[in-house]
Amino acid sequence: MECPVCGGSDCVHPAPEVLNDLPTRFLPCFGCRMRVLDKRAPLPAPEYIEPCSCGKRFIDDVFAHMYGIMREEGDLTSRDPLIAVGSPLIHPGFAMDRPPFLPAKSLVLLSGKVHEKAARRIVAEVPEVRGVVKTADFIPGLVSHDAHAVPRVYTLLAGCDVRADIYPLATGPLVVYKQQSLIHVEFPRAGHPKLRSVAARVGNPPVPFFVDACSGPGTLGLASACLGVPHVVLNDAWYASAFWSAFNIEINRAYFDVGEVRIFGNLGDMARLPVVREPVKIAETVGRQVIEVYQGDLRNLDRVIPKDAHPVAALDIFDKNNQKEVSALLRDWQGRVGGDAFIP
Ligand SMILES: [Zn+2]
Ligand SMILES: [Zn+2]
């Protein structure tokens, strides 16, 4: 499959291919060396171990390699600890019980300190790195339901920042791709409480209609489709979320009872209208299972949901601590759409 961001042929793969080599992907061979470094301290000497002949290297030495480049380019000082390099996002990401041995192109670096020259060198010289993203002190994407909210994004400095996270489901692991500079990094919490609450609401036999009203890259809505819901609607006002929700149908189509997956939006065109209020259809499936994706404001979604649908709806809204906003959005949804709405 072609990567929608960089056009490369090795960024995105259908779920069965991603899952195939997962059990051994981050495990060492008998020859791999493991040097544990103190992340809270500066690197004592600018040294790193080269990748093993099997192509993997322990994550601490990948960090040491990046640290050396950022020191040479002036992005870090001799007093900065190793951890100042940034946050490593493993591809594909899932709950690991030990630190990984990284194969080629398996890490996206998020860093507030890196600049373009070092980022280019890191992608060119550190084989484990897929892409380098410059972060800042905000959450990327659209982070409020306020009609005037202005989205902000991080900057992809070098390489490609498309990566996947893997979510366990009773029916098989769901693979969810996203572009990391445009979408909020949501570190999965132990036991995946949001997925558990979706599974409980979907039930068995599954409810007939499920809505994921703030879908992000599509995790909860696609989980409900995996669990057998015959009609699923995913929606997000932010273009990157709507696009990746649509793209992830295609990635996980082996789980769905669908023939054709039609995707109407492409990333470049959608970026010109990053926030949409009136729902626009981005994708739909043809087959026994209907999965639709819209880009729009959840408060207008009643226009595309049949009046007699009475859906179960997950409203995964941004600021769940804002009780006033939470109850206003729930009340508004009940009045317009009805059914059973919940905050996952
Ligand atoms: Zn790519
Ligand atoms: Zn090895």
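Further up the page is the structure itself.
Residues numbered from 1 in each chain as written. Chains lettered and ligands numbered in written order. Predicted model: local features only at pLDDT ≥ 70, side-chain atom pairs only at ≥ 80, totals over all residues. Heavy atoms only, no water.

Student: What am I meant to see in the sheet that holds strand 12 (residues 280-287) here?
Tutor: As a general point, the strands of a sheet are linked pairwise by backbone hydrogen bonds and lie either parallel or antiparallel. Across the sheet, which stays open at both edges, the seven strands sit in the order 11-12-13-10-9-14-15 with mixed pairing between neighbours. Every interior strand has two partners, whereas the edge strands, strand 11 (258-263) and strand 15 (340-342), have only one. Adjacent strand axes in the sheet meet at a mean angle of 15°, parallel and antiparallel pairs treated alike. In the sheet, strand 9 (residues 209-212) pairs with strand 14 (residues 312-314) via three bridges, with the strands oriented parallel. Across the sheet, D212 pairs through a bridge with A314, a residue of strand 14. Lying on the sheet, helix 5 (residues 193-202) is in contact with strand 9, strand 14 and strand 15; it crosses strand 15 at an angle near 170°. (Pairing = 2+ DSSP bridges. Helix = DSSP H or I, 4+ residues; strand = E, 2+ residues; numbered from the N terminus. Axes fitted to C-alpha atoms, helices over the stretch in contact; angles between N-to-C directions. Contact = heavy atoms within 4.5 Å.)

Student: Sorry, what's going on with the environment of A314 here?
Tutor: Considering the arrangement of structural elements, one finds A314 in strand 14. In this structure the C-alpha to C-alpha distance between A314 and D257, which are 57 residues apart in sequence, comes to 22 Å. Once you skip the residues sitting within four places of it in the chain, A314 turns out to touch F210, V211, D212, A213, C214, F342 and P344.

Student: Help me understand the coordination of the zinc ion (ligand 1), please; the structure alone is not making it clear to me.
Tutor: The reference angle at a metal is 109.5 degrees if four donors form a tetrahedron and 90 or 180 degrees if six donors form an octahedron. For the zinc ion (ligand 1), every protein donor is listed as C3 (SG), C6 (SG), C11 (SG) and C160 (SG), and the spread of their distances is 2.3 to 2.4 Å. Read in sequence order, the donor residues for the zinc ion (ligand 1) give the motif C-x2-C-x4-C-x148-C. (Donors = N, O, S within 2.8 Å, 3.2 Å for Na, K, Ca; no water.)

Student: Honestly, the packing of helix 3 (residues 59-72) against helix 4 (residues 116-125) in this entry has me stumped. Any pointers?
Tutor: Packed helix pairs are specified by the crossing angle of their axes together with the interaxial distance, meaning the distance between the axes. For the pair helix 3 and helix 4, the least separation of the axes is 9 Å and the interaxial angle reads 145°. The crossing of helix 3 and helix 4 is right-handed. Two secondary-structure elements touch here, helix 3 through H65, M66, I69, M70 and E72 and helix 4 through A118, R121, I122 and E125. Of the residues assigned to the contact of helix 3 with helix 4, the class counts are five nonpolar, one polar and three charged. (Left-handed = near helix turned anticlockwise from the far one by under 90°. Nonpolar A, V, L, I, M, F, W, Y, C, P; charged D, E, K, R; others polar.)

Student: Hey, could you run me through the nonpolar core in this one?
Tutor: Side chains of a nonpolar character, in soluble globular proteins, are inclined to be buried together. Core analysis: the biggest nonpolar cluster contains 56 residues, and V175, Y177, F210 and W244 have the highest contact counts within it. Residue contributions to this core peak at nine residues, all from helix 7 (residues 239-251). In this structure V175 touches A15, V18, L19, A164, D165, I166, N248, I251 and N252, once residues within four positions along its chain are discounted. If you look at the next biggest cluster of nonpolar residues, it comprises 33 residues, including L37, C52, F63 and F101. (Core = buried A, V, L, I, M, F, W, Y, C linked by side-chain atoms within 4.5 Å. Buried < 20%, exposed > 50% of the residue type's maximum accessible area, 1.4 Å probe, protein only.)

Student: So what exactly am I meant to see when it comes to the pairing of strand 7 (residues 162-167) here?
Tutor: When a strand is regular, its side chains alternate between the sheet's two faces. Most of strand 7 sits out of view: six of its six residues are buried. Across six bridges, strand 7 lies against strand 8 (residues 174-179) in antiparallel orientation. Counted as the bridge partner of R163 is K178 from strand 8. Hairpin connection from strand 7 to strand 8: six residues lie between these consecutive antiparallel strands, with G172 at a positive phi of about 130°.

Student: Which parts of the structure should I look at to understand the pattern of salt bridges?
Tutor: Between side chains of opposite charge, pairing is possible as soon as their charged atoms come close. Across all of its chains, the model carries 28 salt bridges by this definition. One salt bridge connects R121 with E73, and the closest N-O pair in it is separated by 2.8 Å. Pair noted here: R121 is in helix 4 and E73 is in the loop between helix 3 and strand 2 (87-90), with a separation of 48 residues, a long-range link. For E73, a relative accessible area of 24% translates into the label partly exposed. For D340, the salt bridge goes to R201, with nearest N and O atoms at 3.2 Å. Taken together, the residues D340 in strand 15 and R201 in helix 5 connect sequence positions 139 residues apart. By relative accessible area, R201 is classed as partly exposed at 35%. Each of E72, E73, K117, R121 and E125 takes part in salt bridges that share partners, so that together they form one network. (Salt bridge = Lys/Arg side-chain N within 4 Å of Asp/Glu carboxyl O.)

Student: Looking at this structure, I do not really get helix 4. What am I missing?
Tutor: Each α-helix winds once per 3.6 residues, and so residues spaced three or four apart point in a common direction. Within the span of helix 4, buried status applies to A118, A119, I122 and V123. The arc that holds the buried residues of helix 4, viewed along the axis, is 135°, so those residues lie on one side. Turned more than 90 degrees off the buried face of helix 4, the exposed positions are K117 and A124. (Arc of directions from axis to C-beta.)

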